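Topology and contacts: notes
Chain by chain, the residues:
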Amino acid sequence: MAAGYLDILRARHAARLLTGTLVGRLPSGTAHIAIVLFTRAEGGSYTQAGALAAAYGLATAVGQPLLGRAVDLYGQPRIQFPAAVLSALGMSLLALVGLGTLPLAYLAVIVAGLFTPPLEGGLRALWPSVLGREDRVYRAYAMDAVAQEVMFTVGPLLVTVLVSLWSPAAALLVINAIGVLGALSVVLSEPSRAWRSAPREAHWLGALRSPGLLALLGAFFFVGLALGSITVAGVAYADDHGRESVYGWLMAALGLGALIGGATYGARQWAGAPERRLRVIVALLALGYLPLMLTPSVPVMTALAALAGVFLAPAIACSFIVVDRHAPRGTVTEAFSWLVTTFGVGAAAGTAAAGPAVELGGTAWSFAVAGAGGVAALVVLLATGRVLADPGRTTAVVTGSENDRNGAVEPGFSSGHKA
């Protein structure tokens, strides 16, 4: 398992790009947690915390595809770093003004979300030019999903540590300063400066003209909803047990489960179409969310959170390949940015729904939102199975000068090309 990942990391620029992207995405990966903790510390309600986090998520949803398309058109350095600075300034404004002037607080989170740099899609655009061989690119997609879970495991713990040592406002400032440094490391790298998107057909819908991509995005809206609701539900559960640290452990357990699941998933070759496999993975993901509604003791709940996370990274890794198979040529960054957008909108809906759910029916109701989101994601995949079964183009990774990875297939999927 480790040998395949080490082979990728030994490639020139690979470790720097992966690390820089993860560090650069730390502010967006922890924003919902940081906003909820900051709002509660300022005396705001769960509903207010959910609304601010939702505003951030919706702004991110709007900004990601726009910035992704701009990256495809103008390159990474011109867009990624300025966006990272503006996003950090937005969060810094929230930390400084607090909730005393609510319109200003909402403006701050909207600016932070709107200018969140599309580093995630940008990294996947760079892998073919950095790694060359198709089999290494395939492995990188799985490693990418695993590495994200490291961030989602460490991120909540880092936020809670910063809150404990200083304050929620300090946590916002530190996390976003670190994020700017990560983005700077990426855009100063040779692959990022040299990258150019493949030629694209001019169309106002861009990547969204693909029916298969639309079906996938619809399903992952509900996956985002489930994750967003857990953010608020976890805080409510920690409050029920009188210990703020419980929240960090629950979120870390969720990330650790995803890390284990993703590492295991990426270690083997998989036969068959990724679209069919994705339906099975999402079914197992939904099944893992449902027991959280029981809200048992802290040790048991932590174990359930880890179990609930096991199929998250495999679902994300598999979705990368499905995006590649269905996204139109030349929309490399934009297509992945739309995936981030659906997560953002879904997470915003989840946080907005979970806040009132806590206040109306207690913590169990907020975890029920997560279970419902997982089930809905599966229903969408089942209902759109015929559309997803037809990518509409040849499946092959392009590793030439265009650096376009559209059409990639997952490890073990027979495409008629030799790895």
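The rules we used
Residues numbered from 1 in each chain as written. Predicted model: local features only at pLDDT ≥ 70, side-chain atom pairs only at ≥ 80, totals over all residues. Heavy atoms only, no water. Helix = DSSP H or I, 4+ residues; strand = E, 2+ residues; numbered from the N terminus. Buried < 20%, exposed > 50% of the residue type's maximum accessible area, 1.4 Å probe, protein only. Contact = heavy atoms within 4.5 Å. Areas by Shrake-Rupley, 256 points an atom, 1.4 Å probe, with all protein chains shown as cover. Expected span 1.5 Å × (residues − 1). Bend = angle between axes of the 7 residues up to and from the residue. Salt bridge = Lys/Arg side-chain N within 4 Å of Asp/Glu carboxyl O. Core = buried A, V, L, I, M, F, W, Y, C linked by side-chain atoms within 4.5 Å. Phe/Tyr/Trp six-rings, centres within 6.5 Å; stacked < 30°, edge-to-face > 60°. Lys NZ or Arg CZ within 6 Å of the ring centre and 35° of its normal. Axes fitted to C-alpha atoms, helices over the stretch in contact; angles between N-to-C directions. Parallel < 35°, antiparallel > 145°, perpendicular 65-115°, else oblique. Left-handed = near helix turned anticlockwise from the far one by under 90°. Patch = residues over 30% accessible without salt bridge, like charges linked within 9 Å, V, L, I, M, F, W, Y side chains within 5 Å. pLDDT = per-residue confidence, 0-100.

1. A few points about the overall build of the protein
Of the regular secondary structure elements, the protein holds 18 helices and 0 strands. Across the 419 residues of the protein, 60% fall into the buried class. Sequence-distant contacts, at least 24 apart, represent 83% of the contacts inside the protein between residues at least 6 apart. Carbon and sulfur atoms make up 68% of the accessible area of the protein, which totals about 15,200 Å².

2. Observations regarding helix α4 (residues 46-74)
Each α-helix winds once per 3.6 residues, and so residues spaced three or four apart point in a common direction. Counted at 1.5 Å a residue, the expected span for α4 with its 29 residues is 42 Å, and the 41 Å between its end C-alpha atoms agrees. If you look at α4, its biggest bend is around 25°, right at G63, and the proline P65 turns up within four residues after that. G75 sits one or two residues past α4 and shows a positive phi near 95°.

3. Some points on the pattern of salt bridges
Scanning the entire structure with this criterion turns up 7 salt bridges. Among the ionic pairs, E120 bridges to R25, the shortest N-O distance being 3.3 Å. Taken together, the positions of E120 in helix α7 (residues 119-131) and R25 in the loop between α2 (14-24) and α3 (26-41) put the pair 95 residues apart, joining distant regions of the chain. Residue classification places E120 among the buried positions, given a relative accessible area of 12%. The salt bridge involving R124 is made with D144; its shortest N-O contact spans 2.8 Å. Of this pair, R124 sits in helix α7 while D144 is found in helix α8 (residues 134-165), placing the two residues 20 residues apart along the sequence. Residue R124 is classed as buried on the basis of its relative accessible area, which comes to 0%. Residue classification places D144 among the buried residues on the basis of a relative accessible area of 2%. The network of salt bridges with shared partners includes R25, E120, R124 and D144.

4. Points about the nonpolar core
One finds W127, L131, F220, L278, Y289, L292 and V323 to be the most contacted residues of the largest nonpolar core, which totals 102 residues. Here the element with the most residues in this core is helix α11 (residues 211-240); it accounts for 15 residues. Beyond its immediate stretch of four places on either side in the chain, L131 contacts I8, A11, A14, R136, V137 and A140. Formed by 18 residues, the second largest nonpolar core is a distinct cluster that contains F38, L52, A55 and V109.

5. Thoughts on unusual backbone geometry
Positive phi is not limited to glycine here, since H13 has a value of about 75°. In the Ramachandran plot, T295 falls in the positive-phi region, its phi being about 40° despite a non-glycine side chain. Summarising the element assignment, T295 is placed in the loop between α13 (274-289) and α14 (298-309).

6. Let's talk about the side chain of T30
With respect to the element layout, T30 can be found in helix α3. Non-local contacts of T30, meaning those with residues more than four positions away in its chain, are made with G155, P156, V159 and I175.

7. Quick look at the packing of aromatic side chains
For any pair of aromatic rings, the description rests on two quantities: the centre-to-centre distance and the angle between the ring planes. Counted according to the given criterion, the structure contains 2 aromatic pairs. Seen from their ring centres, F221 and F222 are 4.9 Å apart, and the 85° between their planes marks the pair as edge-to-face. F221 gets classed as partly exposed once you look at its relative accessible area, which sits at 23%. On the basis of relative accessible area, F222 is assigned to the partly exposed category, the value being 25%. Here R124 stacks its cationic end above the ring of F320, 3.6 Å away from the centre of that ring.

8. Let's talk about the packing of α11 against helix α17 (residues 363-383)
At their nearest, the axes of α11 and α17 sit 8 Å apart, and the two run at 165° to each other. Comparing the axis directions of α11 and α17 gives the class roughly antiparallel. As for the relative orientation of α11 and α17, their crossing is left-handed in sense.

9. Details of a nonpolar patch on the surface
A cluster of nonpolar side chains, V280, L284, L287, L290, M293, V375 and V379, forms an exposed patch at the surface whose accessible area comes to about 560 Å². Secondary structure elements with two or more residues in the nonpolar patch: α13 and α17. The dominant element in the nonpolar patch, judged by the number of residues it contributes, is α13, at 3 residues. Topologically, L287 is positioned in helix α13.

10. Thoughts on the confidence of the model for the protein
Per-residue confidence for the protein gives a mean pLDDT of 84; residues scoring 70 or more make up 89%. Ranking the helices and strands of the protein by mean pLDDT puts helix α5 (residues 77-97) first, with 96, and helix α1 (residues 2-9) last, with 76. Low pLDDT, under 50, characterises residues 393-419; the stretch is placed with 89 contacts to residues that sit more than four places away or in other chains.

11. Some details on the environment of A147
Along the chain, A147 falls in helix α8. Accessibility expressed as a relative area gives 9% for A147, which makes it buried. Through-space distance from the C-alpha of A147 to that of G262 is 8.8 Å; in sequence the pair is 115 residues apart. Sequence-distant contacts of A147, defined by excluding residues within four places in its chain, comprise L18 and L22.

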